[in-house]
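Here are the chains, one letter per residue:
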Amino acid sequence: MPRFRALTRVLVALLAFSTPALAQPQPRGLKVFISVDMEGLAGVVASADVSPGAPDYPHFRTIMAGETNAAIEGAFRAGATEVLVRDSHGDKRNLLPADVDPRARLLRGASSGPKNMLEGIDSTFDAVVFIGYHARAGTPGAILEHTSTGNVVDFAINGVSLPEGGYNALTAGLYGVPVVFIAGDRAVVDQVRALLGPIGAVAVKEEIGGDASLGMSPKRAQDEIRLGVEQAIRNRARARVYKLSAPYTMVLKVKQERPLHPGAQRVRDGEFTFTSPDLLAVLAAFNAMK
Ligand SMILES: [Zn+2]
């Protein structure tokens with residue numbers, strides 16, 4: 001029975017190879033999601049700085065790539081195996097693909113889904129990083145504060161008034177992913193830490209009255225972001241996943257009313273509510289009426 005013995009030997013060899021793989025699950029990679037806006041970048045003080053077609057926009061676009069690449073480098077130094085960058089400003093076509101560190105994947109262009117600035121997030125990620133962020137509409141002492149569009153006066157869920165960093169953290173929280181780091185002006189750092197706890201942060205500038213801002217050089221900001229992101233990802237076990245309890249009731253106040261989203265109620269002039277157990281449905285209502 002030599003043929004049978006040979007077959008047995010092959011089977012035994014196969015089992016010997018396959019058993020350890022079954023017993024020990026493959027180590028998971030470390031996936032980092034980086035959402036990059038522009039108003040909170042080093043040196044930005046006016047909307048013309050971040051508006052395509054304006055003379056200094058190409059300059060600030062380069063600074064955007066610099067802060068993005070600093071965050072990517074920090075993530076890889078902390079052991080990241082995969083990094084996804086989401087361009088999160090305006091039409092989402094500000095980062096020039098060739099300017100971004102080739103180790104990262106770039107999600108570019110406006111998307112139709114409700115995740116918007118967090119398009120691409122899912123439960124396979126381990127940490128979220130915000131770069132270039134700004135405070136919510138109506139924040140005193142902030143640079144270029146607004147919530148998503150210039151039309152939003154306030155956006156709250158379950159009574160919590162939220163900046164973009166707040167509802168984006170809720171979106172990440174839906175998938176069990178914590179936000180571990182934010183870079184932006186002093187006002188957004190304080191505002192987002194008040195919601196999420198003491199996450200890693202770099203305040204690259206601070207409003208000192210009017211449209212004036214005092215801040216770091218882009219080079220210095222990038223050095224601090226690289227180090228801050230690395231530390232924050234290493235310490236990610238300390239960051240909490242941001243959640244509010246379902247059902248989610250939004251109160252949206254706007255300057256100019258948009259058509260009523262299905263299921264939304266108009267409370268008074270410029271004020272709408274919408275309730276759902278599904279956070280993404282609430283964000284879809286917000287996106288439709290903001
Ligand atoms: Zn923006």
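A brief report on the enclosed structure follows. (Residues numbered from 1 in each chain as written. Predicted model: local features only at pLDDT ≥ 70, side-chain atom pairs only at ≥ 80, totals over all residues.)

Section: the overall build of the chain
Looking only at helices and strands, one finds 6 helices and 12 strands in the chain. Here the chain holds 290 residues, and 47% of them are scored as buried. Sequence separation of at least 24 residues holds for 67% of the intrachain contacts in the chain that already meet a minimum separation of 6. (Helix = DSSP H or I, 4+ residues; strand = E, 2+ residues; numbered from the N terminus. Buried ≥ 20, exposed ≤ 12 C-beta atoms within 10 Å, placed from the backbone. Contact = placed C-beta atoms within 7 Å.)

Considerations on the sheet that holds strand β8 (residues 200–207)
A sheet is described by the order of its strands in space; here 7 strands give the open sequence β3-β2-β1-β4-β7-β8-β9, paired in mixed fashion. Both outer strands of the open sheet, β3 (105–107) and β9 (213–215), are each paired with one neighbouring strand and no more. The sheet shows a mean angle of 20° between the axes of neighbouring strands, direction not considered. Here strand β4 (residues 127–133) pairs with strand β7 (residues 179–185) via 4 bridges, running parallel. Across the sheet, residue Phe-130 finds its bridge partner in β7, namely Ile-182. Sheet strands touched by helix α4 (residues 186–196): β4, β7 and β8. Its angle to β7, the strand with the most contacts, is close to 155°. (Pairing = 2+ DSSP bridges. Axes fitted to C-alpha atoms, helices over the stretch in contact; angles between N-to-C directions.)

Here's the deal with the nonpolar core
Generally speaking, soluble globular proteins have nonpolar side chains that are buried together. Formed by 83 residues in total, the largest nonpolar core has its most connected members in Val-32, Ile-34, Val-85, Val-129, Val-179, Val-180 and Ile-182. Broken down by element, this core gets its largest block of residues, 9 residues, from helix α2 (residues 57–77). Once you skip the residues sitting within four places of it in the chain, Val-179 turns out to touch Val-128, Phe-130, Ala-169, Ala-172, Leu-196, Ile-199, Ala-239 and Tyr-242. (Core = buried A, V, L, I, M, F, W, Y, C linked by C-beta atoms within 7 Å.)

Examining the sheet that holds strand β11 (residues 265–268)
Spatially, β6-β5-β10-β12-β11 is the arrangement adopted by the 5 strands of the open sheet, whose pairing is antiparallel. Whereas interior strands pair on both sides, the edge strands pair on one side only; in this sheet they are β6 (160–161) and β11. The pairing of strand β10 (residues 248–254) with strand β12 (residues 271–276) spans 6 bridges and is classified as antiparallel. Each residue of the ladder has a partner; that of Thr-249, found in β12, is Thr-275.

Re unusual backbone geometry
The step from Ala-246 to Pro-247 runs through a cis peptide bond, and the omega angle for that step is 0°. Locating Pro-247 in the fold gives a position in the loop between α5 (218–234) and β10. At Asn-116, a residue that is not glycine, the phi angle is positive and equals roughly 55°. Structurally, Asn-116 can be placed in the loop between β3 and β4. Assessed through the 22 C-beta atoms surrounding it within 10 Å, Asn-116 is described here as buried. Within the chain, Ser-148 stands out as a residue other than glycine whose phi angle is a positive 70°. Tracing the chain through its elements places Ser-148 in the loop between β4 and β5 (152–157). Residue Ser-148 is classed as partly exposed on the basis of its 17 C-beta neighbours within 10 Å.

Things to note about the pairing of β11
When a strand is regular, its side chains alternate between the sheet's two faces. Inspection of the sheet shows β11 paired to β12 by 3 bridges, in the antiparallel sense. When the bridges of β12 are listed, Gln-265 appears paired with Thr-273. Here β11 folds back onto β12, and the loop between the two strands holds 2 residues, one of which, Gly-270, carries a positive phi near 75°.

With respect to the pairing of β7
Most of β7 sits out of view: 7 of its 7 residues are buried. Pairing of β7 with β8 involves 5 bridges; the strand directions are parallel. Residue pairing for β8: Ala-183 is matched across the bridge by Val-202. Crossover β7 to β8 through α4 is right-handed. (Right-handed = clockwise from strand over helix to strand, strands pointing away.)

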